[in-house]
Amino acid sequence: MMNTKLTQWIDDHFDEEVAFLQQVLRVPTDTPPGNNTPHAETVAELVKAYGWSAEKHVVPEQEVRDYGMESITNLIIRRAYAAGGPTVALNAHGDVVPPGEGWTYPPYGGVIDNGYIYGRAAAVSKCDFATYIFAVRALEALGVKLKGGVELHFTYDEEFGGLLGPGFLLREKLTRPDFVIAAGFSYNIVTAHNACLQFEITVHGKSGHGAMPETGHDALQAATKVLNAIYGQLPELKKIKSRVPGIDSPTMLVGRIDGGTNTNVVPGKVVMKMDRRMIPEEDPLAVEAQVRKLIEEAVQGEPGIRLEIKRLLLSHALRPLPAGEKLVSNLQKNAREVLGEDIPAVGTPLYADARLYGEQGIPAVLYGAGPRSVPESNAKKADEKLLLEDLRKATKIVALTLLDFLAAE
């Protein structure tokens, strides 16, 4: 009976939930440059309509700028019930990769067409600002006795690694939940994800006139050797296999290259940014040492060439914790009721900031309104979209799971 009442409330308020999602999609949060405080201010203002108060935790400006962003204000909305129950945190991130080219819908329009809502972060993860808020509202509208509490964590540093998002809240001891559900996918529960290493590699040479290349030391020629070494390693990485369902092999790529002065000048400096994904079984520090050695050996003995290797990110894997099994089994039970199908608990080759809770020994899983698969949602590409029915279903599943955890006996 309670379950029906809960899901009925979500159906009755679904138009309001979609309108809320449109509002949070329409405030840009391109990262870089990463001016994310205006979005947090908007969300804090919107939840006042529900009688809620959002704590604004401003990350010091200098720390944010040193990190490569402009502003971060993380939000915690605490909903405390009777004593004796667990605290469940729901975490979604508001920072996004810039929209890029090729959109047929305005990237910050929140346009609805043929049952889909379009916009940057519609699928990952502003959608779950709506999922989680309306799941909690539905729970509280039931009028039943609840114990424990819910915390909504809306954070603004996932694209850069999370250290100033959930990492900041945990570092400053602003929160210590018992369980975490973080933004994810409506058709599976993610219990593990890859680790990630990112480097900025600067190859220093010496500029020279294009007509007399011997007067310079070609940084691009040396950088090519680094590229060949990195991509030459890929067949070996393919041989390494994870035992976690949903995760295959490690990957490595160079995502950006900048360098040179002009067409007729020997390049004196080339900067590359590379990404190495690690499966949960790998040791991040050992991998970092291996990749550094690979890069250094590629240009060893090259006259006039100097390397700088700067670590941009070293994120650890999310690994399942035994206490998290209760989260998984309850989400699966409720998904079966709402979706009429069994949803798997799997790993993903992505990395996310949920790992930061896991590193503190807090069981965390990824589950939310996201798509059946990342490619089908155009996440991080043009025309990112979310099927609105997936938002409805995920909101119901999260609300039912909160009821399982927090209903007083």
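Rules and cut-offs
Residues numbered from 1 in each chain as written. Predicted model: local features only at pLDDT ≥ 70, side-chain atom pairs only at ≥ 80, totals over all residues. Heavy atoms only, no water. Pairing = 2+ DSSP bridges. Helix = DSSP H or I, 4+ residues; strand = E, 2+ residues; numbered from the N terminus. Axes fitted to C-alpha atoms, helices over the stretch in contact; angles between N-to-C directions. Contact = heavy atoms within 4.5 Å. Parallel < 35°, antiparallel > 145°, perpendicular 65-115°, else oblique. Left-handed = near helix turned anticlockwise from the far one by under 90°. Nonpolar A, V, L, I, M, F, W, Y, C, P; charged D, E, K, R; others polar.

Ordered by their spatial adjacency, four strands build an open sheet running E11-E13-E9-E14, and the pairing between neighbours is antiparallel. The open sheet has two free edges, formed respectively by strand E11 (251-259) and strand E14 (306-315), since each of these has just one partner strand. Pairwise comparison of adjacent strand axes, ignoring direction, gives a mean angle of 15 degrees for this sheet. Where strand E9 (residues 195-204) and strand E13 (residues 269-278) come together, ten bridges link them in antiparallel fashion. Looking at E13, one finds that histidine 204 is bridged to lysine 269. Sheet strands touched by helix H7 (residues 219-232): E9, E11 and E13. Its angle to E13, the strand with the most contacts, is close to 10 degrees.

Okay, the packing of helix H2 (residues 14-25) against helix H13 (residues 388-406) next. Put simply, H2 and H13 touch, their axes get as near as 11 Å, and they point 110 degrees apart. By the angle class used here, H2 and H13 are roughly perpendicular. Our pair here, H2 against H13, has a crossing hand that is right-handed. Residues Phe14, Glu17, Val18 and Leu21 of H2 lie in contact with H13, whose contacting residues are Leu388, Leu391, Arg392 and Thr395. Class assignment for the residues of the contact of H2 with H13 results in five nonpolar, one polar and two charged.

This part takes up the packing of helix H5 (residues 127-141) against H13. The geometry of H5 relative to H13 is characterised by a closest axis approach of 8 Å and an angle of 45 degrees between their N-to-C directions. Here H13 runs oblique to H5, going by the angle between their axes. When you trace H5 past H13, the crossing you get is right-handed. Facing H5, whose interface residues are Cys127, Ala130, Thr131, Tyr132, Phe134, Ala135, Val136 and Leu139, H13 presents Leu391, Ala394, Thr395, Val398, Ala399, Leu402, Leu403 and Leu406. The class makeup of the residues in the contact of H5 with H13 is 14 nonpolar, two polar and no charged.

Turning our eyes to something else, we now look at the sheet that holds strand E4 (residues 111-113). By definition, the strands of a sheet pair up through backbone hydrogen bonds, in either a parallel or an antiparallel sense. The strand order across the open sheet built from three strands is E4-E5-E17, with neighbouring strands paired in antiparallel fashion. Sheet topology places E4 and strand E17 (385-387) at the edges, where each strand pairs with a single neighbour. With strand direction ignored, the average angle separating the axes of adjacent strands in the sheet is 25 degrees. The pairing of E4 with strand E5 (residues 116-118) spans three bridges and is classified as antiparallel. Note on E5: the bridge partner recorded for isoleucine 112 is isoleucine 117. Sitting on the sheet, H2 touches E4, E5 and E17, and the angle it makes with E5 is about 20 degrees. Across the sheet, H13 lies against E4, E5 and E17, angled at about 60 degrees from E17, the strand it touches most.

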